[in-house]
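Chain by chain, the residues run as shown.
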Amino acid sequence: MQSLTNTSARYGWAMIILHWLIGIVFIGQFALGFVMVRTTSQRASFELIQSHKSFGFLLLGLIILRVAWRLRNAAPALPASVGTLERRTAPLAHFALYVFQIALPLSGWALVSVSTLEIPTMPFDLFVMPNLPLAESDAAESFWSAAHWYLAYAGIALVALHIAAALRHHFLLRDSVLTRMITPSSGRE
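Calculation notes
Residues numbered from 1 in each chain as written. Predicted model: local features only at pLDDT ≥ 70, side-chain atom pairs only at ≥ 80, totals over all residues. Heavy atoms only, no water. Helix = DSSP H or I, 4+ residues; strand = E, 2+ residues; numbered from the N terminus. Buried < 20%, exposed > 50% of the residue type's maximum accessible area, 1.4 Å probe, protein only. Contact = heavy atoms within 4.5 Å. Lys, Arg positive; Asp, Glu negative; His and termini not counted. Charge placed at Lys NZ, Arg CZ, Asp CG, Glu CD. Expected span 1.5 Å × (residues − 1). Polar contact = N/O pair within 3.5 Å; in protein donor to acceptor, adjacent residues only side chain to side chain. Patch = residues over 30% accessible without salt bridge, like charges linked within 9 Å, V, L, I, M, F, W, Y side chains within 5 Å. Areas by Shrake-Rupley, 256 points an atom, 1.4 Å probe, with all protein chains shown as cover. Salt bridge = Lys/Arg side-chain N within 4 Å of Asp/Glu carboxyl O. Core = buried A, V, L, I, M, F, W, Y, C linked by side-chain atoms within 4.5 Å.

Asker: So what's going on with the overall build of the protein chain? Residues and values would help.
Answerer: Looking only at helices and strands, one finds 4 helices and 0 strands in the protein chain. Expressed as lengths along the three principal axes of its C-alpha atoms, the size of the protein chain is roughly 55 × 30 × 30 Å. Out of the 189 residues in the protein chain, the part that is buried amounts to 38%. For the protein chain, contacts bridging at least 24 residues in sequence account for 74% of all contacts bridging at least 6. Side chains of the protein chain give 13 positive and 9 negative charges; the mean places of these two sets differ by 19 Å.

In structure tokens:
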């Protein structure tokens, strides 16, 4: 029987599902953000922005859930084939991914909170999300817009590096780093 929690050798279902769901939403958000700022139709742009905000709040919730789960479930040990330098840098890279995945939706939330347009945010048309208690101004909007943009590109670069590292482990090193995030633990490992 496969486990919900991690073991010393593999991730459990909870982390696997959160990992792939967050990855899909994060990459999708980058693509959606790229398209929405290049759309010429005001109506389509408005709809894309509302979708982007909805998925941003979903991403924030998922990453908070993942961090909480991770704090209560230790990550599996790296295979013996992983070198010392990589053993030291892997936790830092994962921490950076968590930071960017939290900072990016928060910067988007700050951006819509300081906007002088005062367009309400309604995640998935379910409820009105209150703004953060920040002063509205064009200067603040410019700042948060730039911060959100830089965080997005830095975050996608980190994700690309993460994917490249996983593929390196799978195809070049032929170790279990990638497969343990695909196949859950049995609970007996």
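Asker: I'd love a proper account of helix 4 (residues 138-173), names of residues and values included.
Answerer: In this model, helix 4 (36 residues) spans 51 Å end to end at C-alpha, consistent with the 52 Å of a helix rising 1.5 Å per residue. Turning to helix 4, its buried residues are A140, A147, H148, L151, A152, G155, I156, L158, V159, A166 and H169. Buried-residue contacts for helix 4 involve helix 1 (13-36), helix 2 (42-72) and helix 3 (84-114).

Asker: Can you tell me about unusual backbone geometry, naming the residues and giving the values?
Answerer: For E118, which is not glycine, the phi dihedral falls at a positive 55°. Within the secondary structure, E118 sits in the loop between helix 3 and helix 4. You can call E118 exposed: its relative accessible area is 54%. Unusually for a residue other than glycine, D125 sits at a positive phi of about 60°. Looking at where D125 falls in the secondary structure, it is placed in the loop between helix 3 and helix 4.

Asker: Describe the environment of S107, and please don't skip the residues or the numbers.
Answerer: Residue position: S107 is located in helix 3. Here the alpha-carbon distance between S107 and I119, two residues 12 residues apart in the chain, equals 16 Å. Within the structure, the side chain of S107 is placed 2.7 Å from the side chain of H148, a separation counted as a polar contact.

Asker: Explain a nonpolar patch on the surface to me, and be specific about the residues and the numbers.
Answerer: Together, I27, I163, L167, F171, L172 and L173 make up an exposed nonpolar region whose accessible area comes to about 570 Å². Element by element, the count of residues in the nonpolar patch is highest for helix 4, at 5 residues. One can find F171 in helix 4.

Asker: With reference to specific residues and values, describe the nonpolar core.
Answerer: Within the largest apolar cluster, 25 residues are counted, with the highest numbers of intra-cluster contacts made by Y11, I22, F26, L59, I63, L104 and W109. Residue assignment for this core shows that the elements contributing at least two residues are helix 1, helix 2, helix 3 and helix 4. Other than its neighbours up to four places away in sequence, F26 contacts L59, Q101, L104, G155, I156 and V159.

Asker: Requested: an account of the side chain of N6, with residues and values cited.
Answerer: Position of N6 among the secondary structure elements: in the segment before helix 1. Within polar-contact distance, the side chain of N6 engages the backbone oxygen of A74 at 3.1 Å.

Asker: Now, about the pattern of salt bridges: what can you tell me, with residues and values included?
Answerer: Summed over the entire model, instances satisfying the criterion amount to 2 salt bridges. Between R168 and E86 there is a salt bridge; the shortest N-O distance is 3.3 Å. Of this pair, R168 sits in helix 4 while E86 is found in helix 3, placing the two residues 82 residues apart along the sequence. Note on R168: relative accessible area 37%, which makes it partly exposed. When its relative accessible area of 22% is taken as the criterion, E86 is described as partly exposed.

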